[in-house]
Amino acid sequence: MANTKSALKRDRQTKTRTARNRAAKSRVKTLRRKVSGALESGDTEAVDSAMREFTSTVDKAAKTGVIHKNKAANLKSRAARRIAAAKAS
């Protein structure tokens, strides 16, 4: 356990940031599953809506440093490729 005031404050800040980052990552994963589910159902309107929401959330997570910007680009690209392949077939 931390002993000094500054160490106690640092501990509080770390817990707060960890919780915030965990929630953001969880949101990204949930929306990724939502896009996959919409693809499975075949509803193009739901796919477009889910993809818009997913893209926005991924960009926000990358902007705040929760995930790396290249990882954000990879996630969006992978989802877009799956959508394009589904629409083509």
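Because the structure is predicted, anything quoted here is derived from the model rather than measured.

Section: the overall build of the protein chain
At step 1: Scanning the protein chain for helices and strands turns up 3 helices and 0 strands.
At step 2: When the helices and strands of the protein chain are read in sequence order from the N terminus, they spell out α-α-α.
At step 3: Since a compact globule built from 89 residues should have a radius of gyration of about 12 Å, the 18 Å found for the protein chain marks it as more spread out than a globular shape.
At step 4: Projected onto its principal axes, the C-alpha coordinates of the protein chain cover approximately 60 × 20 × 15 Å.
At step 5: Looking at the 89 residues of the protein chain, the share that counts as buried comes to 21%.
At step 6: Contacts spanning at least 24 positions in sequence make up 46% of the contacts within the protein chain whose residues lie at least 6 apart.
At step 7: Carbon and sulfur atoms make up 50% of the accessible area of the protein chain, which amounts to about 6,600 Å² in all.

Points about the pattern of salt bridges
At step 1: This model, assessed by the stated rule, comprises 5 salt bridges.
At step 2: Here glutamate 53 makes a salt bridge to arginine 27, at a shortest N to O gap of 2.8 Å. One end of the pair, glutamate 53, is in helix α2 (residues 44-63); the other, arginine 27, is in helix α1 (residues 5-41), and 26 residues separate them in sequence.
At step 3: Judged by its relative accessible area of 39%, arginine 27 is partly exposed.
At step 4: The salt bridge involving lysine 34 is made with glutamate 53; its shortest N-O contact spans 3.0 Å. Of this pair, lysine 34 sits in helix α1 while glutamate 53 sits in helix α2; the two residues are 19 residues apart in sequence, bridging distant segments of the chain.

Brief notes about the nonpolar core
At step 1: Core analysis: the largest hydrophobic core is formed by 18 residues, its most contacted members being Val28, Phe54, Val58, Ile67, Leu75 and Ile83.
At step 2: Looking at this core, the elements that each hand over two or more residues are α1, α2 and α3 (69-88).
At step 3: Element by element, the count of residues in this core is highest for α2, at 7 residues.
At step 4: With residues up to four places along the chain from it excluded, the contact list for isoleucine 83 reads Val35, Leu39, Val47 and Met51.

Quick word on the side chain of threonine 57
At step 1: Mapped onto the elements of the fold, threonine 57 is located in helix α2.
At step 2: Once residues within four sequence positions are removed from consideration, threonine 57 is found in contact with Arg27, Val28 and Leu31.

Considering the environment of lysine 15
At step 1: Relative to the assigned elements, lysine 15 resides in helix α1.
At step 2: The exposure class assigned to lysine 15 is exposed, which follows from its relative accessible area of 57%.
At step 3: Considered as a pair, lysine 15 and leucine 75 are 60 residues apart in the sequence and their alpha carbons are 27 Å apart.

Criteria and thresholds
- Residues numbered from 1 in each chain as written.
- Predicted model: local features only at pLDDT ≥ 70, side-chain atom pairs only at ≥ 80, totals over all residues.
- Heavy atoms only, no water.
- Helix = DSSP H or I, 4+ residues; strand = E, 2+ residues; numbered from the N terminus.
- Rg over C-alpha atoms; globule rule 2.2 N^0.38 Å.
- Buried < 20%, exposed > 50% of the residue type's maximum accessible area, 1.4 Å probe, protein only.
- Contact = heavy atoms within 4.5 Å.
- Areas by Shrake-Rupley, 256 points an atom, 1.4 Å probe, with all protein chains shown as cover.
- Salt bridge = Lys/Arg side-chain N within 4 Å of Asp/Glu carboxyl O.
- Core = buried A, V, L, I, M, F, W, Y, C linked by side-chain atoms within 4.5 Å.

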